[in-house]
Amino acid sequence: MIVNHNFHISQLGRDRKVRVYLPPSYHRKERKYPVIYMHDGQNLFDTQSAYGRPWYVDKIIDKMPAKRQVVVVGIDNGEMERLKEYSAFSRENHVAEGSAYLKFITENLKPFIDQNYRTHTTPEHTWMVGSSMGGLITHYAGMNYPDVFGKVGIFSPSIWFNPEITYYEPPKPLTNNSFYVVGSRTESRAMEGDLKNVYWSFKKSAVPDTNLRVIVRDKGRHNEAFWAREFKKLMLEWTK
């Protein structure tokens, strides 16, 4: 079941659709659920709104045992404003709006979700996943909001757009947080090297080896089909 909400992002002066996926067990079991916040909401569930093939996040979770099911909050991207909203650092002729976008999620959206749905509110059960530019802003969120997002999934991050992210120092050590990073050698020439830099940036931020997974696949294109496969693997690992 997917419930649509319309939000005004006061930090950016824009309106946005947010899609909340509730797993099949949600209305059968009176319990609280972990929550995954995801970007590019248009591409997560719906073939009509997706740019191409969607991730089919709902179908992946529908097939999982009830005890492993989660709530997913898919935030639509800003279309023409997407690059700015998912940018961590400004570039020449390009003002980054990632910090304001993350404030909307942490200060407005998450409180609404926790008040209106049966969710676990702690970092241990609050996660974020994103791909490409969405992976970049997810990386930034994981470093700046460790007390909000306990687990972070970074798929094919666009490090080329903001290489500064790999030597950015978070406000506090990330000793209690988990990071799952994945990309493919075949999606770009730079991806393998970028992921190695990401690995060392998290090591410098005190992420323990037990909490850090950086995976370089031999095959996979920079598209939703690849990310959907990886999302399924991530879910199996995170919901053990």
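Residues numbered from 1 in each chain as written. Predicted model: local features only at pLDDT ≥ 70, side-chain atom pairs only at ≥ 80, totals over all residues. Heavy atoms only, no water.

**Student:** So what exactly am I meant to see when it comes to the overall build of the protein chain here?
**Tutor:** When helices and strands are counted, the protein chain shows six helices and eight strands. Reading the helices (α) and strands (β) of the protein chain from amino to carboxyl end gives β-β-β-α-β-α-α-β-α-β-β-α-β-α. For the protein chain, the C-alpha radius of gyration of 17 Å lies close to 18 Å, the compact-globule estimate for 240 residues. Looking at the protein chain as a whole, 56% of its 240 residues qualify as buried. Once local pairs closer than 6 in sequence are excluded, the contacts in the protein chain between residues at least 24 apart make up 73%. A total accessible area of about 11,100 Å² is found for the protein chain, and carbon and sulfur atoms account for 49% of it. Positive and negative side-chain charges in the protein chain, numbering 34 and 26 respectively, have mean positions lying 7 Å apart. (Helix = DSSP H or I, 4+ residues; strand = E, 2+ residues; numbered from the N terminus. Rg over C-alpha atoms; globule rule 2.2 N^0.38 Å. Buried < 20%, exposed > 50% of the residue type's maximum accessible area, 1.4 Å probe, protein only. Contact = heavy atoms within 4.5 Å. Areas by Shrake-Rupley, 256 points an atom, 1.4 Å probe, with all protein chains shown as cover. Lys, Arg positive; Asp, Glu negative; His and termini not counted. Charge placed at Lys NZ, Arg CZ, Asp CG, Glu CD.)

**Student:** What should I look at first to understand empty space enclosed by the protein in this one?
**Tutor:** Over the atoms rolls a probe the size of a water molecule, and in doing so it shows where empty space is left. The full count for this structure, using the stated rule, is one cavity of 30 Å³ or more. What the largest cavity holds in volume is close to 50 Å³. Met38, His39, Asp40, Asn43, Leu44, Trp55, Val129, Gly130, Ser131 and Gly134 are the residues that line the largest cavity. Residue contributions to the lining of the largest cavity peak at three residues, all from strand E5 (residues 126-131). Along the lines of polarity and charge, the residues of the lining of the largest cavity split into four nonpolar, five polar and one charged. (1 Å grid on protein atoms, 1.4 Å probe; cavity = no way out; pocket = protein on both sides within 12 Å on 5 of 7 lines; lining within 4 Å. Points joined across faces, edges and corners; volume = space filled by probe spheres on them. Nonpolar A, V, L, I, M, F, W, Y, C, P; charged D, E, K, R; others polar.)

**Student:** Help me out: how do you make sense of helix H5 (residues 191-204) in this one?
**Tutor:** An α-helix turns once every 3.6 residues. As a result, residues three or four positions apart point the same way. Across its 14 residues, H5 extends 20 Å between first and last C-alpha, which sits within 8% of the 20 Å expected from 1.5 Å per residue. Within the span of H5, buried status applies to Met191, Asp194, Leu195, Val198, Ser201 and Phe202. Buried residues of H5, viewed axially, fall in a sector of 115°; they line one side. Turned more than 90 degrees away from the buried face of H5, the exposed residues are Trp200 and Lys204. Turning to H5, the residues buried within the fold contact helix H4 (133-144), strand E6 (151-155), strand E7 (178-184) and strand E8 (212-217). Looking at the residues trailing H5, positive phi occurs at alanine 206, about 75°. (Expected span 1.5 Å × (residues − 1). Arc of directions from axis to C-beta.)

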